[in-house]
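Overview (structure and organization)
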Amino acid sequence: GTARKERAPMHGSSDERTRTGMSPESLKRAFVDSMFYVQARYWEVATPHDLYMAAAYTVRDRMLERWIRTAETYRKADARTVCYLSAEYLLGPQLGNNLINLGIVDSARQGARDLGIDLQEILDQEPEPGLGNGGLGRLAACYLDSLATLSIPAIGYGIRYEHGIFDQKIVDGWQVEDCDLWLTNGNPWEIPRPLLRYPVRFGGHTEPYTDEHGRFRVRWVPELDLYGMAYDTPVLGFGNDNTNLLRLWHATAGRSFDLQAFHKGDYYGAVNAKVGAENITKVLYPNDEPEVGKELRLKQQYFFVSCSLQDMVRVHLQHAPNLEGFHERFAAQLNDTHPSIAVAELMRLCLDEHGMDWERAWEITRRTFAYTNHTLLPEALETWPVELFGRLLPRHLEIIYEINARFLDELRMRYPFDPERVARMSLIEEGPVRRVRMAHLATVGSFAVNGVAAIHSELVKSTVLRDFHELWPEKFHNITNGVTPRRFIQLSNPDLCGIITDLAGPGWARDAENLRTLEPHADDAAFQQRWQAMKRAAKERLAARIREATGAVVDPQSLFDIQVKRIHEYKRQHLNLLHIVALYHRIKQGTDSDPTPRTFVFGGKAAPGYFMAKLIIKLIHSVAEVINRDPEVNQRLRVVFVPNFNVKNAECIYPAADLSEQISTAGKEASGTGNMKFSMNGALTIGTLDGANVEIRDAVGHENFFLFGLTVAEVERTLAEGYRPWEYYRSHDELREVIDLLRSGLFSHGDPDLFRPLTDSLLQHDPYLLLADYPAYVEAQARAGDAFRDPAGWTRMSILNAARTGFFSSDRAIREYCRNIWQVEPMPVSLAAGNGSVP
Ligand code: NBG
């Protein structure tokens, strides 16, 4: 009834601008329309999910003209395009972000209010599109946002996982994984393209033959083929009209193999093969630092890379007669080694499918790709057993052998007396199990290699790719990571956004250097009050969320000391715990000298097969249980674990932090990006000289950062000299008491064995040097606690942190990629230039 009346007026209008207008009135009408025509619901029975879907379709309609104009503009201009190849995109909820980028948050809120709906309730309905593990996937999502905002022609290519990163439940203090179901209720942001499909082949063998020109060629006779189908999602820029494309591939069964099986009468066998094909895009591998050797993972990698390159080839051939010039049309960024099989696949396409000769194919390939390294951890560097590789991708293994043979010839010529170096640089690792080294393939097949923070890029050059740096010094770059201020300030922290808007005007988020306008106010009492109120409100919101999620009550006046990130021994959540137990111990002993009340917040997922990480989660809960229940302690200390840390939860956490824990062992965290999100929202950092912490500290000022711990050089020296953690335990009384408490059963209902694997590892090996860094960490924590008791001093430091972190905007990072690596120019899209009608 009401729905119909609401809808009536707009049918009188013939103007498309009205149909997709941005006023509260137009939005309202379109929303009611979507409820009717897309959701097929009437008002009285609409569920909250229906409201969300109707809102999402309303917003999506408003994105399409920009999207289509953008595609048209890029195509007409024949623009050089960035292709970002990434196995992960941790997008986070879309609705709120799209409202911001369209500039219609206020209109939407007003329209919703007129209909008696709270916009926030609609936003809360959106499931998390968790197509990534952590920093690497979230970085890809920030980069898509910046590429669109900077008007750079770009396509994100990836995998449409049916199940993204698992949902984390906590049962009795242990992590339990639950299947992620983000697609079950439909995904309004994607547009399926059933006709945009490419065949992808696996297995079989290769055969030599002579082509019609009498040239030697190789034909791949695969055993299995399937299809990749495109699902497209628009990516809006902020403050411009550019809207880029995120194209994710979904696997469906091919035809040839199952026809055979059907003909043989093996019906179930045929159906099974189909199911097997579709498994490829079923689930994201839940390890942030990849687990090597998993066959399905290699299939996923090749699958999405092959679809993406075939798509790029199709586009290229719309403008050109052959693959000459492919590298001029595209710059393809390899987001870590996951897509590095692209080097062999582009060679295969050039050689086998387009009849090119080797030299030319190699030239084009090497000028197309650039590679970003995201980790130095030896266990995370991807290698594939040659046997597995050859079984799945026989033609690619041949091509890799040929690339390697030519490369090694070059090396032998250059280093005639250094066969060890030649062996070190080979694409193939020799040994009982021979393996393909994907980082070497990516490095050899790319025109540029970059690390993700200054210190990390130096370490890439001096450690994992040292020989390659000596050979090609000019190939190596640093591009320090960045994060988008749209999602991580404007969307997450509306009060901070209000403060900056008052100083710098609306649209400040197009240039994060506008944050500097905060700086002159750092000591202004009235401004400080406003700042404190902003923090306070964010802390209250988080406190409410914590209560809802865990039942725990925390005091927003206390120092919020937060560590949220994947759980990993190198990230040292257990070092944080050692400090917490030390504070507990002091209070119980009556020797406490730091009366600052603190709330310790943890969040993060552990890889399902990573026992130590899961034990750390259990220990957090166990320590929390003892501390939070003890009236002698819980006035001063509280410990909480926020379950299921993801982008959605993160948006509520970063603004509420006073202190950001960035305490990895120096040399282990490539960059970190949470560190940037915290600092931009006015948290102070307690951290080591690792990853981007180094640059954050330089940017915000050393006096506004709590530094502690061994440097990379000191870590190396300590290990080289034969590190004996036991000696730190013996000689440091408090450290010994803390570890003994963990071993006493106090935190495990009397069971002294529960946390033994952790304490044993610390006392026997301690590969991440927690004990060596413990005294310095506790001392830095004491400084932080003292500083917090001076609100004006703390607030000043908080303001300066936010004011000086504009450098860590992903816009800056993307500008550097454009200039130093991709050589690509902006191509602004103007809606006004079109005739304004839908084509
Ligand atoms: C991660 C690093 C982080 C870094 C992100 C983004 C992998 C392999 N690496 O330190 O651990 O911030 O990449 O660059 O996920």
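Residues numbered from 1 in each chain as written. Predicted model: local features only at pLDDT ≥ 70, side-chain atom pairs only at ≥ 80, totals over all residues. Heavy atoms only, no water.

What follows concerns the overall build of the protein chain. On a plain count of helices and strands, the protein chain comes out with 35 helices and 24 strands. For the protein chain, the C-alpha radius of gyration of 28 Å lies close to 28 Å, the compact-globule estimate for 839 residues. Principal-axis analysis of the C-alpha atoms places the extent of the protein chain at approximately 90 × 80 × 55 Å. Here the protein chain holds 839 residues, and 61% of them are scored as buried. For the protein chain, restricting intrachain contacts to residue pairs at least 6 apart in sequence, the fraction spanning at least 24 positions comes to 77%. Total accessible area on the protein chain stands at roughly 31700 Å², and carbon and sulfur atoms take up 52% of it. Between the averaged position of the 94 positive side-chain charges in the protein chain and that of its 110 negative side-chain charges there is a distance of 3 Å. (Helix = DSSP H or I, 4+ residues; strand = E, 2+ residues; numbered from the N terminus. Rg over C-alpha atoms; globule rule 2.2 N^0.38 Å. Buried < 20%, exposed > 50% of the residue type's maximum accessible area, 1.4 Å probe, protein only. Contact = heavy atoms within 4.5 Å. Areas by Shrake-Rupley, 256 points an atom, 1.4 Å probe, with all protein chains shown as cover. Lys, Arg positive; Asp, Glu negative; His and termini not counted. Charge placed at Lys NZ, Arg CZ, Asp CG, Glu CD.)

This next bit is on the pairing of strand E8 (residues 205-210). Residues in a regular strand point their side chains to alternate faces of the sheet. Pairing analysis gives 6 bridges linking E8 to strand E9 (residues 216-221), with the strands arranged antiparallel. Considered in E9, the bridge of Thr210 is made with Phe216. Between E8 and E9, which follow one another and run antiparallel, lie 5 residues, and Gly214 among them has a positive phi close to 75°. (Pairing = 2+ DSSP bridges.)

With that out of the way, let us pick up the side chain of Thr70. Tracing the backbone shows Thr70 in helix H4 (residues 48-77). Leaving out residues up to four positions away in the same chain, Thr70 has contacts with Asp241, Asn242, Thr243, Asn244 and Val829.

The subject of this paragraph is the site of the ligand. In the neighbourhood of the ligand, 14 residues make up the surrounding shell, with His374, Asn481, Glu669, Ser671 and Gly672 lying closest. Within the contact set of the ligand, an oxygen atom lies 2.8 Å away from a side-chain nitrogen or oxygen of Asn481. One of the backbone nitrogen or oxygen atoms of Gly672 is found 2.9 Å away from an oxygen atom of the ligand. If the ligand stood free it would expose 380 Å²; the protein chains cover 95% of that surface. For the shell around the ligand, the residue count by class is 5 nonpolar, 5 polar and 4 charged. (Near = heavy atom within 4 Å. Polar contact = N/O pair within 3.5 Å; in protein donor to acceptor, adjacent residues only side chain to side chain. Nonpolar A, V, L, I, M, F, W, Y, C, P; charged D, E, K, R; others polar.)

Moving on, we come to the pattern of salt bridges. Applying the stated criterion across every chain yields a total of 66 salt bridges. Here the residues in one salt-bridge network are Asp418, Arg421, Arg424, Arg466, Asp467 and Glu470, joined through shared partners. (Salt bridge = Lys/Arg side-chain N within 4 Å of Asp/Glu carboxyl O.)

Its 26 residues give helix H23 (residues 525-550) an end-to-end C-alpha distance of 36 Å, which sits within 8% of 38 Å, the value for a rise of 1.5 Å per residue. Among all positions of H23, only Phe527, Gln528, Trp531, Met534, Lys535, Ala538, Lys539, Leu542, Ala543 and Ile546 are buried. With its phi angle positive at about 85°, Gly551 sits one or two positions after the end of H23. (Expected span 1.5 Å × (residues − 1).)

To continue, consider the sheet that holds strand E20 (residues 598-603). The 6 strands lie next to each other as E21-E20-E19-E22-E23-E24, forming an open sheet whose pairing is parallel. Edge strands, defined here as strands with exactly one partner in the open sheet, are strand E21 (637-642) and strand E24 (706-707). Bridging between strand E19 (residues 559-564) and E20 involves 6 bridges; their strand directions are parallel. Paired with Phe560 across the strands is Thr599, a residue of E20.

Moving on to the sheet that holds strand E14 (residues 383-385). With respect to topology, 3 strands assemble into an open sheet ordered E14-E16-E15, the strand pairing being antiparallel. A strand with exactly one partner marks an edge of an open sheet, and here the two such strands are E14 and strand E15 (428-429). Sheet topology places E14 next to strand E16 (residues 435-437); 3 bridges connect them, and they run antiparallel. Across the sheet, residue Trp384 finds its bridge partner in E16, namely Val436.

The next point concerns the state of the cysteines. Applying the stated criterion across every chain, the model contains 0 disulfides. Here Cys497 is not disulfide-linked; the sulfur of Cys142 is the nearest cysteine sulfur, at 16 Å. We classify Cys497 as buried; its relative accessible area is 11%. Among the cysteines around Cys652, which has no disulfide bond, Cys497 carries the closest sulfur, lying 17 Å off. The exposure class of Cys652 is buried, given its relative accessible area of 15%. (Disulfide = S-S within 2.5 Å.)

Let us now look at the domain arrangement of the protein chain. Each assigned domain of the protein chain is listed here: domain 1 (1-77 + 103-125), domain 2 (84-93 + 128-381 + 447-481) and domain 3 (486-711 + 770-806). Just the C-alpha atoms count here: the centres of domain 1 and domain 2 sit 34 Å apart. Contacts between the two partners involve 14 residues from domain 1, matched on the other side by 23 residues from domain 2. Overall, the association of domain 1 and domain 2 removes approximately 1600 Å² of surface from exposure, summing both partners, and the carbon and sulfur fraction of that is 65%. (Domains from an automatic or database assignment. Buried area = accessible area lost by both parts, 1.4 Å probe.)

What follows concerns the environment of Asn450. Relative to the helices and strands, Asn450 resides in strand E17 (residues 446-451). Taking the C-alpha atoms as reference points, Asn450 and Thr480, separated by 30 residues in sequence, lie 9.2 Å from one another. A distance of 3.0 Å separates the side chain of Asn450 from the side chain of Tyr817, its partner in a polar contact.

Turning next to unusual backbone geometry. At Asp78, a residue that is not glycine, the phi angle is positive and equals roughly 55°. Position of Asp78 relative to the elements: it lies in the loop between H4 and strand E1 (81-85). Here Asp78 falls in the partly exposed class, since its relative accessible area comes to 38%. Here the phi dihedral of Asp766 falls at roughly 45°; this positive angle occurs in a residue that is not glycine. You can see Asp766 is positioned in the loop between helix H32 (756-764) and helix H33 (770-788).

For the pair helix H14 (residues 358-366) and helix H16 (residues 394-414), interaxial distance at closest approach is 13 Å and the crossing angle is 90°. The angle between the axes of H14 and H16 places the two elements in the roughly perpendicular class. Along its contact with H14, which presents Trp358, Glu359 and Trp362, the element H16 presents Ile399, Glu402, Ile403 and Arg406. Classifying every residue of the contact of H14 with H16 gives 4 nonpolar, no polar and 3 charged. (Axes fitted to C-alpha atoms, helices over the stretch in contact; angles between N-to-C directions. Parallel < 35°, antiparallel > 145°, perpendicular 65-115°, else oblique.)

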